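Working through the structure, step by step
What follows is each chain in one-letter form.
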Amino acid sequence: LAESSDGGVLLRVCELFSGIGGWHAALDLVSRQRQELQFAVVLALDNNQEVNQVYAHNFPDTKVRQGNAELFTAAEMQSLNADMWLMSPPCQPYTRQPGTRRGHTDARAQSLFHIIRVLSRLPAAAQPSFLLLENVQGFEMSDARDELCLVLRQSGYHLHEFLLSPMHFGIPNFR
């Protein structure tokens, strides 16, 4: 972890499956509320050109890369020197909709499994200090979650899992 210009903490962040930048917006909010904690998003990665354009508009100082996370190598991840990985992988493989939860057999799940493999191959010194992942209800029962938790535990991480809804934060939307 680096020191920010005002003596606080500066975390280098890699945002995978970045979408339009929901995680980035949350980091900005935290930085305004806790000025001793600052974030530098060193890369935002998503495979959707339209959402990348919105992300770039919302956060013009952030490097946005279009591409499939399955093409991201351990060497590339290590070169980012990120303290934190934020992930919002595709939710369709884990949805609660009857007959649609396919887990690892869904092609859209493969990019997350790839990132899990990349994490497992990184030397301990190159692994992020923090990893945050959000997804839909149903993910907690998935093979991807089980694999991620296994790799995290084997790598010495402490896990904290939460099932949250917008209603927990005063937003009248139950999901």
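Located above this text is the structure these notes cover.
Structural notes, computed from the coordinates. Just so it is clear, the model here is predicted, and its values are computed rather than measured.

We now examine the side chain of His114. Mapped onto the fold, His114 is located in helix 4 (residues 110-121). Given the relative accessible area of 12%, His114 is considered buried. At 3.2 Å, the side chain of His114 and the backbone oxygen of Glu70 are in polar contact. With residues near it in sequence (within four places) discarded, His114 still touches Ala69, Glu70, Leu71 and Phe72.

With 12 residues, helix 1 (residues 22-33) extends 17 Å between its outermost C-alpha atoms, agreeing within 8% with the 16 Å of an ideal straight helix rising 1.5 Å per residue. Inspection of helix 1 places Trp23, His24, Leu27 and Ser31 among the buried residues, and these make up the whole buried set. The buried residues of helix 1 occupy an angular sector of 100° when projected down its axis, which confines them to one face. Facing away from the buried side of helix 1 by over 90 degrees, the exposed positions are Gly22, Arg32 and Gln33. Looking at the buried positions of helix 1, the neighbouring elements they touch are strand 2 (9-16), strand 3 (37-46), helix 2 (49-58), strand 5 (84-87) and strand 6 (130-133).

Turning our eyes to something else, we now look at the pairing of strand 5. Residue alternation in strand 5 divides its side chains into two sets, Met84 and Leu86 and Trp85 and Met87, and both sets are buried. In terms of strand pairing, strand 2 meets strand 5 through 4 bridges, oriented parallel. Within strand 5, the position partnered with Leu16 by the bridge is Met87.

A pair of packed helices can be characterised by two numbers: the angle between their axes and the separation between those axes. Two numbers describe how helix 4 lies on helix 5 (residues 143-154): the axes approach to 10 Å, and their chain directions differ by 10°. It follows that helix 4 is roughly parallel to helix 5 by the angle criterion. Across the interface between the two elements, Leu112, Phe113, Ile116, Leu119 and Ser120 from helix 4 touch Asp143, Ala144, Glu147, Leu148, Val151 and Leu152 from helix 5. Here the residues of the contact of helix 4 with helix 5 are counted per class, giving 8 nonpolar, 1 polar and 2 charged.

Here Leu27 is to be found in helix 1. On the basis of relative accessibility, which here comes to 7%, the residue Leu27 falls in the buried class. With 14 residues separating them along the chain, Leu27 and Val13 place their C-alpha atoms 9.6 Å apart. Among residues more than four places away in sequence, those in contact with Leu27 are Val13, Phe39, Val41, Met84 and Leu86.

On the surface, Leu1, Val9, Phe130 and Leu132 cluster together into a nonpolar patch covering about 330 Å² of accessible area. By secondary structure assignment, the location of Phe130 is in strand 6. Accessibility expressed as a relative area gives 38% for Phe130, which makes it partly exposed.

Here is what the cut-offs are and how they apply
- Residues numbered from 1 in each chain as written.
- Predicted model: local features only at pLDDT ≥ 70, side-chain atom pairs only at ≥ 80, totals over all residues.
- Heavy atoms only, no water.
- Helix = DSSP H or I, 4+ residues; strand = E, 2+ residues; numbered from the N terminus.
- Buried < 20%, exposed > 50% of the residue type's maximum accessible area, 1.4 Å probe, protein only.
- Polar contact = N/O pair within 3.5 Å; in protein donor to acceptor, adjacent residues only side chain to side chain.
- Contact = heavy atoms within 4.5 Å.
- Expected span 1.5 Å × (residues − 1).
- Arc of directions from axis to C-beta.
- Pairing = 2+ DSSP bridges.
- Axes fitted to C-alpha atoms, helices over the stretch in contact; angles between N-to-C directions.
- Parallel < 35°, antiparallel > 145°, perpendicular 65-115°, else oblique.
- Nonpolar A, V, L, I, M, F, W, Y, C, P; charged D, E, K, R; others polar.
- Patch = residues over 30% accessible without salt bridge, like charges linked within 9 Å, V, L, I, M, F, W, Y side chains within 5 Å.
- Areas by Shrake-Rupley, 256 points an atom, 1.4 Å probe, with all protein chains shown as cover.
- Salt bridge = Lys/Arg side-chain N within 4 Å of Asp/Glu carboxyl O.

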